[in-house]
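# Analysis of the macromolecular model
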Amino acid sequence: MIIETKQEARHTIAVLVDNEAGVLARVIGLFSGRGYNIESLTVAEVNPRNKLSRITIVTIGTPMIIEQIKAQLRRLVPVRKVSDLTAEGPYVERELALVKLKGTGEARREALQIAGIFRARVVDSTNESFVFEIVGHSGKLDAFVNLMRPVGLVDVSRAGVVAIARGSEPL
Amino acid sequence: MTQGQLNGSQILLKALTDQGVDVVFGYPGGVVLPLYDELFKQEAVRHVLVRHEQGAIHAAEGYARSTGRVGVLLVTSGPGATNTVTGLTDALLDSTPIVCLTGQVPTDLIGNDAFQEADTTGITRACTKHNYLVKDVNRLSYTLHEAFHVARSGRPGPVLVDLPKDILTAVGEYLSPHEVQHKSYYPQTKGDPSAIAEVIHLMVNAKKPLFYCGGGVINSGLSAVEKLMQLVHNTGFPVTLTLMGLGAVPASDYHYLGMVGMHGTYEANMAMHDCDLMLCVGARFDDRVTGKVSAFSPNSQKVHIDIDPSSINKNVVVDIPIIGDVSNVLEEILRQWEALIHKPNRSLLTPWWNQIEAWRSLQCLRFETTDNVIKPQRVIRSLYEATRGRDVYVCTEVGQHQMWTAQHFGFDQPRRWMTSGGLGTMGFGLPAAIGVQVAHPHSLVIDIAGEASIMMNLQEMATAIQHRLPVKVFIINNRYMGMVRQWQELLYGGRYSESYSATLPDFTKLADAFGWTGLHVDKATALDEAIRTALDIPGPVIVDVVVDSSENCFPMIPAGAAHNEILLEPAKDAGKALGSEEGMVLI
């Protein structure tokens, strides 16, 4: 039973869908049409033979809203499976970011030092710029971006959250 | 064309026939011409030409709601498709199974802003249960069969299939319905037996139980209606129905308390407020039913039986949700109830029934009668009495006349009552009546209308003549958009902003112009005679009934108020605070 509370919580929801035209629009339309929040959304094909894609949604809401989101997602015809990773047990969550810095001299050295601490890799370099690749929990990416800001950060591209349950069971 | 292969238009017609479709409501246009050419060459599927695409979809809704089958319409691209949007939304909110076939510009022109091009699947994504754009003729039969499957399974709803012109002429393979395996859409229909056992436990111990049932009972089919009746009689529990549920329990049954909600009866709403066990069957705790949610039935345990999991805990948090088809779930409840070794003593319910009788004795639906001016409620009562025992179907438009019909016309059977509940679509009634009459050519089909609503799809009068559909339209003419006027009187200081029906046509002349019979009545003493005359005329009839223009629809729960704050009549309740802040928002 749902406990009636106004307390909002962050949930990571994995959705397995038929990879067909318009399926992402259906999912996004559901969120915008009913006024739900999307913090992050990622999608890619994961099973080319059966034409299945996996969507990972990070959303925030009260328990009633989260239940509604899951029920509404399950109602969509191309949706095969909906799993609330946050509610259903331990899971691993990762995000990837590409971070561009512009600078010379001391700033470059400091940027490389910070990157070392965060285990970010250099994926592009010129005389006056770096592009770092960093993978981790979204909070770690936030911290990295914040630290890089004073040393010449000019651009950020983040992939959004992907997540998977721990243990041997598939979605 | 090799053997076994058909062109897209032929595939479409074959799919319709294999799905048992005998009637399509439609309107031709450029891109659907190949299909209309194929229609011309066959006789299996009847085409009913409407006069506006909105008429086509409401007619399909009337057909579907009165038969329980899928209603089908066929329209062209662009404006043809966009004109169905209101009806699609209407069917979505009222869970009506519809397949809407729209033409589309040829695939190689899609996205080019071609003539009569619209992004139909994009526009209708939010107002259909599902929609498809067919881009390969070999997928056409599969898509159509799946569209029918989705429209009628689970919680029914409208499904749209967008058909580019080149798909209608291309040659491809046809698959019959039994060769098609649906990928993913299989709604849960069996209820959880252990949850049902908990419900039985609550039912045994309830002192003030109440069934609150909606359109889901009717959508589930005749067996659901029969089981509900059995359960009501075997338990002796009172039952109330939503606007969409009218007819699920005979109005004449002692256990029936009348409609619930904003314009429901005093006894139904007070029972909702005071009950200790609410058994919600196929209804969805809509805001017109619950009123102020924070004050909604504060002391009851709530059970919710619904086939749509997203209806559970959407507006009101319930104690025991049961996902499943109403018929299956009621069957299991009935089985477990009958298997009880110690059935609860019915006398335990006596205090509850005494309380209900006390509420009933207020006779909340009574109204004054006079010899000169006609009271609108009188028209509905007279119509009800004149058609009692006849094979009658009733449609309405939206507004005061709709609520008066819901209150005063007693429905003893399901699928006899077609109204726009969730969306509240003015202009629904006349085309819906046309659809009902097409499905039931020998029955009496009535549209009870307001003089404002009827103006919204008036063009369909021509459809009735062309297809010899003898629908009877009764206009409850009070010269106002009555429900708007009522709210302006009660909530906006009597400032009747734009709610007066100025420059109305002469409805009898209008009837003449379309080839209908027109009658006009403005004296109470002449009403019954006019009704009898109208019902005896073999063709379509408009009866323009001029009624008291200041009559309001009561009882009324002001928006944002609780059930026990129901108003019975203005004079008696003068001074009660009408329209809270929350209520103004809900309007």
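Quick note: structure is the one above.
Residues numbered from 1 in each chain as written. Chains lettered and ligands numbered in written order. Predicted model: local features only at pLDDT ≥ 70, side-chain atom pairs only at ≥ 80, totals over all residues. Heavy atoms only, no water.

### Re the overall build of chain A
Note the threshold: We count a stretch as a helix when DSSP gives it H or I for four or more residues in a row; a strand needs E for two or more, and each element gets its number in order from the N terminus. Exposure is judged per residue with a 1.4 Å probe applied to protein chains only, and the accessible area is read against the type maximum: over 50% gives exposed, under 20% gives buried, and values in between give partly exposed. Residue contacts are counted whenever heavy atoms from the two residues lie within 4.5 Å of one another.
Secondary structure assignment for chain A yields five helices and eight strands. The secondary structure elements of chain A, listed N-terminal to C-terminal, are β-α-β-β-α-β-α-β-α-β-β-α-β. Its C-alpha atoms give chain A principal-axis dimensions of roughly 60 × 40 × 35 Å. Across the 171 residues that make up chain A, the buried fraction comes to 43%. Taking the contacts inside chain A whose residues are at least 6 apart along the sequence as the reference set, 73% of them involve residues at least 24 apart.

### Topic: the overall build of chain B
Going by this rule: We take the radius of gyration over the C-alpha atoms and set the globule estimate at 2.2 Å times the residue count to the 0.38 power. In short, Shrake-Rupley with a 1.4 Å probe defines the accessible areas, and a residue's cover is counted only from the protein chains shown. Note that His is not counted, nor are the chain ends; the positive residues are Lys and Arg, and the negative ones are Asp and Glu. Note that the charge is assigned to NZ on lysines, CZ on arginines, CG on aspartates and CD on glutamates.
Of regular secondary structure, chain B possesses 23 helices and 20 strands. The C-alpha atoms of chain B give 25 Å as radius of gyration, which agrees with the globular expectation for 587 residues (25 Å, within 12%). Its C-alpha atoms give chain B principal-axis dimensions of roughly 75 × 60 × 45 Å. Each of the 587 residues in chain B was classed as buried or not, and the buried ones make up 61%. Partitioning the contacts of chain B with sequence separation of at least 6, the portion at a separation of at least 24 is 76%. Accessible area for chain B stands at about 22,100 Å²; split by element, carbon and sulfur atoms hold 52% of it. Each charge sign in chain B was given a centre, from 45 positive and 61 negative side chains, and these centres are 4 Å apart.

### Considerations on the packing of aromatic side chains
The geometry of an aromatic ring pair comes down to the distance between the two centres and the angle between the two planes. Test applied: Between rings of Phe, Tyr and Trp, where Trp is taken as its six-membered ring, a pair exists when centres lie within 6.5 Å; planes separated by under 30 degrees are stacked, by over 60 edge-to-face, and by other angles tilted. Should the NZ of a Lys or the CZ of an Arg lie within 6 Å of a ring centre and within 35 degrees of the ring normal, that charge is described as sitting over the ring.
Taken as a whole and assessed by the stated rule, the structure comprises 16 aromatic pairs over all chains. Taking 6.1 Å as the distance between ring centres and 70 degrees as the angle between the ring planes, the aromatic pair formed by F25(B) and Y63(B) counts as edge-to-face. Of this pair, F25(B) sits in strand β2 (residues 23–26) while Y63(B) sits in helix α3 (residues 53–67), and the two are 38 residues apart along the sequence. Each member of the pair, F25(B) together with Y63(B), is buried. Relative to F285(B), the ring of Y212(B) lies with its centre 5.3 Å away and its plane at 75 degrees, an arrangement referred to as edge-to-face. In this pair, Y212(B) sits in strand β9 (residues 209–213) while F285(B) sits in the loop between β12 (277–281) and α13 (287–290), placing the two residues 73 residues apart along the sequence. Side by side, Y212(B) and F285(B) carry an identical accessibility label, which is buried. What links up through ring pairs into an aromatic cluster is the set F118(A), F130(A), F132(A) and F144(A). Cation over ring: R139(B) sits above Y142(B), and NZ or CZ is 4.5 Å from the ring centre. Over the ring of Y480(B) we find R485(B); its NZ or CZ atom is 5.6 Å from the centre of that ring.

### Focus on the packing of α3(B) against helix α5 (residues 85–93) of chain B
Residue and element names in this part refer to chain B. The cut-off we apply is this: Angular values range over 0 to 180 degrees, each being the angle between N-to-C directions of two axes fitted as lines to C-alpha atoms, with helices fitted over their stretch in contact. Note that the term roughly parallel is reserved for angles under 35 degrees, roughly antiparallel for angles over 145, roughly perpendicular for angles of 65 to 115, and oblique for everything else. Nonpolar residues are Ala, Val, Leu, Ile, Met, Phe, Trp, Tyr, Cys and Pro. Charged residues are Asp, Glu, Lys and Arg, and all others, Gly as well, are polar.
Running from N to C, α3 and α5 cross one another at 20 degrees; their axes reach a closest spacing of 8 Å. On the basis of the axis angle, α3 is roughly parallel to α5. Contact residues: Q54, I57, H58 and E61 in α3; T86, G87, L88, D90 and A91 in α5. The residue inventory of the contact of α3 with α5, partitioned by class, reads three nonpolar, four polar and two charged.

### Considering the environment of F118(A)
Residues and elements named next belong to chain A. With respect to the secondary-structure elements, F118 resides in helix α4 (residues 106–118). Given the relative accessible area of 15%, F118 is considered buried. Along the primary structure F118 and T62 are separated by 56 residues, whereas in three dimensions their C-alpha atoms are 34 Å apart. Setting aside anything within four residues of it in sequence, one finds F118 in contact with I134, K140, A143, F144 and L147.

### Overview of the sheet that holds strand β11 (residues 256–259) of chain B
Residue and element names in this part refer to chain B. What counts is decided by this rule: By the convention used here, strands pair only if DSSP detects at least 2 bridges between them.
One open sheet accounts for six strands, arranged β11-β10-β9-β12-β13-β14; its pairing is parallel. Each of the sheet's edge strands pairs with one partner strand only, and the pair in question is β11 and β14 (320–323). When the angles between neighbouring strand axes are averaged without regard to direction, this sheet yields 15 degrees. Pairing of strand β13 (residues 301–306) with β14 involves four bridges; the strand directions are parallel. Across the sheet, residue V303 finds its bridge partner in β14, namely I320.

### Some words on helix α7 (residues 140–152) of chain B
Residues and elements named next belong to chain B. Inclusion rule: One less than the number of residues in a helix, times 1.5 Å, gives the span that helix is expected to have.
Here α7 contains 13 residues, and its C-alpha end-to-end distance of 19 Å stays within 8% of the 18 Å for a straight helix at 1.5 Å per residue. Among all positions in α7, only L140, S141, Y142, T143, L144, H145, E146, A147, F148, H149, V150 and A151 are buried. In the segment just after α7, G154 is the residue with positive phi, at about 60 degrees.

### Overview of the side chain of D18(A)
Convention followed: Contacts described as polar in this section are N or O atom pairs within 3.5 Å, which, within protein, must combine one atom able to donate a hydrogen with one able to accept it, while residues neighboring in sequence count only if both atoms come from side chains.
Mapped onto the secondary structure, D18(A) falls in strand β1 (residues 9–18). A polar side-chain atom of D18(A) sits 2.8 Å from a polar atom in the side chain of R80(A). Setting aside anything within four residues of it in sequence, one finds D18(A) in contact with V23(A), K51(A), L52(A), P78(A), R80(A), K183(B) and S184(B).

### Some thoughts on the side chain of K375(B)
Residue and element names in this part refer to chain B. Relative to the helices and strands, K375 is located in the loop between α15 (350–360) and α16 (376–387). Judged by its relative accessible area of 10%, K375 falls in the buried class. Here E551 takes part through its side chain, which lies 2.7 Å from a polar atom of the side chain of K375. Residues contacting K375, with those up to four places away along its chain left out, are F367, E368, D548 and E551.

### Some details on a positive patch on the surface
Cut-off, in case you're wondering: Only residues whose relative accessible area exceeds 30% and that form no salt bridge enter a patch; like-charged residues are grouped when within 9 Å of one another, and nonpolar side chains (Val, Leu, Ile, Met, Phe, Trp, Tyr) when within 5 Å. By convention in these notes, a salt bridge is any Lys or Arg side-chain nitrogen within 4 Å of a carboxyl oxygen on Asp or Glu.
A contiguous patch of positive charge, built from R94(A), R119(A), K140(A) and R166(A), is present on the exposed surface. Structurally, R94(A) can be placed in strand β5 (residues 91–102).

### Details of the interface of chain B and chain A
This is how it is decided: Note: buried area is the sum, over both parts, of the accessible area (probe 1.4 Å) each one loses when the two are combined.
Taken residue by residue, the interface counts 21 residues in chain B and 17 residues in chain A. A combined buried area of about 1,600 Å² lies between chain B and chain A, and 56% of that area is made up of carbon and sulfur atoms. On the chain B side of the interface with chain A, the three residues burying the most area are R125(B), H130(B) and V317(B), jointly 32% of the side's total. Our count for the contact surface shared by chain B and chain A stands at one salt bridge. Across the pair R75(A) and D308(B) runs a salt bridge, and its minimum N-O distance is 2.6 Å. Scanning the region where chain B abuts chain A turns up four residue pairs in polar contact (both at pLDDT 80 or more). Elements supplying a minimum of two residues to the side of chain B that touches chain A: β6 (130–133) and α7 of chain B. Of the residues that constitute the side of chain B that touches chain A, the class distribution is seven nonpolar, six polar and eight charged.

### A word on unusual backbone geometry
Excluding glycine, residues mostly have negative phi values, and the peptide bonds linking residues are mostly trans. The step from F554(B) to P555(B) runs through a cis peptide bond, and the omega angle for that step is 0 degrees. The topology assignment puts P555(B) in the loop between β20 (541–546) and α23 (581–586). Phi is positive for K51(A), close to 50 degrees, though the residue is something other than glycine. Structurally, K51(A) is set in the loop between β2 (40–47) and β3 (52–61).

### A few points about the packing of α16(B) against helix α22 (residues 527–536) of chain B
All names here are of chain B. Going by this rule: Whether a crossing is left-handed or right-handed is set by the direction in which the near helix is turned from the far one by less than a right angle, anticlockwise for left-handed and clockwise for right-handed.
Relative to each other, α16 and α22 sit at 50 degrees, their axes nearing to 10 Å. When the interaxial angle is binned, α16 and α22 end up oblique. Seen along the crossing, α16 lies across α22 with a hand that is right-handed. From α16, R378, V379, S382, L383, A386 and T387 reach across to α22, where they touch L527, D528, I531 and L535.

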